[in-house]
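# Examining the three-dimensional arrangement
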Amino acid sequence: MSQLAEPRELARPGRVVSTVPGASRSRGLLLMLAPVATLVVVFGLWAAASSANGGTGPAELFAALGRLWATGELVQSVATSLGRGVPGFLLSVLVGTVLALVLSASVWLRAAVAPYMTFLLTLPTVAWVPVAILFFGVTDATVYFVVLTGAVPAIVNGLLAGVDQIQPLHRKVGRVLGAGTWDTALHIVLPAALPSYISGLRQGWAFCWRALMASEIIAGGQQLGLGLGTLLQRGREVDDIGGVMATILLILVVGVVIEVLVFGPLERRLLRRRGLLTGGSR
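Given the structure is predicted, the values throughout are model-derived calculations rather than measurements.

## Side note on the overall build of the chain
Counting secondary structure elements, the chain contains 11 helices and 0 strands. Going residue by residue from the N terminus, the α and β elements of the chain occur as α-α-α-α-α-α-α-α-α-α-α. Expressed as a percentage of its 282 residues, the buried residues of the chain come to 37%. Of the contacts made within the chain by residues no fewer than 6 positions apart, 75% connect residues no fewer than 24 positions apart. A total accessible area of about 15700 Å² is found for the chain, and carbon and sulfur atoms account for 68% of it.

Below, the structure written as structure tokens:
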């Protein structure tokens, strides 16, 4: 059984692996600040371009952010969208994980269902919004339906990709030790497929956030409250380019913050525990 334990991180020849806690924290902080540096560079280039051609620049964007903050709509729209996005994503994780484990346990069932998961990824999530409105009306159920159709296929495909990389010996050992179907799925298949599973969760969050914005833009209104998608649509209707750009920035920042603070550290911790991540690789 000791041979099945997770390997410790090994230093490669010619590479120094830092084991100082302070150095790891500093490196983690730098990784979190890297997207901010990219945003600063983009704003600098945008400011230079707007000065050259007299177009809309970052000044109008920040002025719109100030107005949204003063009226309280900035916090309200972010809270409304996250209030739907986070529960919708968690529900997608539950549905996608269970579905992937069921498909992994049956060759015939996977052959019948898995191709449609890939098809759903290629289908724009915005196409589901009119269907959802016809079935559920302009309600939160419409938003959650669209989120599920966007996030679940990515999670299923990520977990199935990890299952395909599991050595058959692991399953055989589980059967020899008396593990049943669900014991094998929960205690052997799922832990062994974790790296690909987490990649699927990252993609699932991206699809979830994109689907949420699409549903709020099309179906948004008084019934759904003021979300980021609704705020973006309102800016378009009144030709407020500064407000539109400010909302796009908010959508981008929220998505990046979730990626940097949740999925990035989670993936690095998992890879480091399995000896797949050294001090300078990520």
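Having seen the model, we can carry on.
## Points about unusual backbone geometry
Phi at Asp 239 is positive, roughly 55°, even though this residue is not glycine. Structurally, Asp 239 can be placed in the loop between helix 10 (228-237) and helix 11 (241-273).

## Remarks on the packing of aromatic side chains
Within this structure, the stated rule accounts for 8 aromatic pairs. Ring geometry for Phe 89 against Phe 263: centres 5.9 Å apart, planes inclined by 90°, an arrangement best described as edge-to-face. Placement of the pair is Phe 89 in helix 3 (residues 73-104) and Phe 263 in helix 11, with a sequence separation of 174 residues. As far as burial versus exposure is concerned, Phe 89 and Phe 263 are alike and both buried. Taking the centre distance of 5.5 Å and the plane angle of 20° together, the rings of Trp 205 and Trp 209 count as stacked. Highlighted residues: Trp 205 and Trp 209, both in helix 9 (residues 194-219), separated by 4 residues, approximately one helical turn. Relative accessible area serves as the criterion here: at 5%, Trp 205 is assigned to the buried category.

## Side note on a nonpolar patch on the surface
A cluster of nonpolar side chains, contributed by Leu 91, Leu 94, Val 95 and Val 98, occupies part of the molecular surface with about 310 Å² of accessible area. Residue classification places Val 95 among the partly exposed positions, given a relative accessible area of 36%.

## Quick word on the side chain of Thr 97
The residue Thr 97 is located in helix 3 in this model. Of the residues examined, Thr 97 reaches a relative accessible area of 10% and is grouped as buried. A distance of 2.4 Å separates polar atoms of two side chains, one belonging to Thr 97 and the other to Tyr 197. Non-local contacts of Thr 97, meaning those with residues more than four positions away in its chain, are made with Ser 92, Ile 155, Leu 159 and Tyr 197.

## Some remarks on helix 11
If you check helix 11, its first and last C-alpha atoms are 47 Å apart, about what 33 residues at 1.5 Å a residue would give, namely 48 Å. Of all the bends in helix 11, the largest measures some 35° and sits at Val 260.

## As for the environment of Arg 67
The topology assignment puts Arg 67 in helix 2 (residues 58-71). In this structure, the C-alpha to C-alpha distance between Arg 67 and Gly 243, residues 176 residues apart in sequence, is 8.9 Å.

## Examining the nonpolar core
Phe 89, Leu 159 and Trp 209 are the most contacted members of the largest nonpolar core, which totals 53 residues. Examining the composition of this core, we find that 10 residues originate from one element, helix 6 (residues 140-164), more than from any other. With sequence-adjacent residues up to four places away left out, Trp 209 is seen in contact with Ser 81, Leu 82, Leu 228, Ile 251, Val 254 and Gly 255.

## Quick look at the packing of helix 2 against helix 11
Packing of helix 2 against helix 11 brings their axes to within 8 Å, and their N-to-C directions diverge by 80°. The angle between helix 2 and helix 11 falls in the class roughly perpendicular. Contacts between helix 2 and helix 11 pair Glu 60, Leu 61, Ala 64, Leu 65 and Leu 68 from the former with Gly 242, Gly 243, Met 245, Ala 246, Leu 249 and Leu 250 from the latter. Residues that form the contact of helix 2 with helix 11 fall into these classes: 8 nonpolar, 2 polar and 1 charged.

## Focus on the packing of helix 3 against helix 10
Packing of helix 3 against helix 10 brings their axes to within 7 Å, and their N-to-C directions diverge by 130°. Accordingly, the angle class assigned to the pair helix 3 and helix 10 is oblique. On helix 10, the residues touching Glu 73, Ser 77, Val 78 and Ser 81 of helix 3 are Leu 228, Leu 231 and Arg 234. A class-by-class count of the residues in the contact of helix 3 with helix 10 yields 3 nonpolar, 2 polar and 2 charged.

Thresholds, definitions, all that
- Residues numbered from 1 in each chain as written.
- Predicted model: local features only at pLDDT ≥ 70, side-chain atom pairs only at ≥ 80, totals over all residues.
- Heavy atoms only, no water.
- Helix = DSSP H or I, 4+ residues; strand = E, 2+ residues; numbered from the N terminus.
- Buried < 20%, exposed > 50% of the residue type's maximum accessible area, 1.4 Å probe, protein only.
- Contact = heavy atoms within 4.5 Å.
- Areas by Shrake-Rupley, 256 points an atom, 1.4 Å probe, with all protein chains shown as cover.
- Phe/Tyr/Trp six-rings, centres within 6.5 Å; stacked < 30°, edge-to-face > 60°.
- Patch = residues over 30% accessible without salt bridge, like charges linked within 9 Å, V, L, I, M, F, W, Y side chains within 5 Å.
- Salt bridge = Lys/Arg side-chain N within 4 Å of Asp/Glu carboxyl O.
- Polar contact = N/O pair within 3.5 Å; in protein donor to acceptor, adjacent residues only side chain to side chain.
- Expected span 1.5 Å × (residues − 1).
- Bend = angle between axes of the 7 residues up to and from the residue.
- Core = buried A, V, L, I, M, F, W, Y, C linked by side-chain atoms within 4.5 Å.
- Axes fitted to C-alpha atoms, helices over the stretch in contact; angles between N-to-C directions.
- Parallel < 35°, antiparallel > 145°, perpendicular 65-115°, else oblique.
- Nonpolar A, V, L, I, M, F, W, Y, C, P; charged D, E, K, R; others polar.

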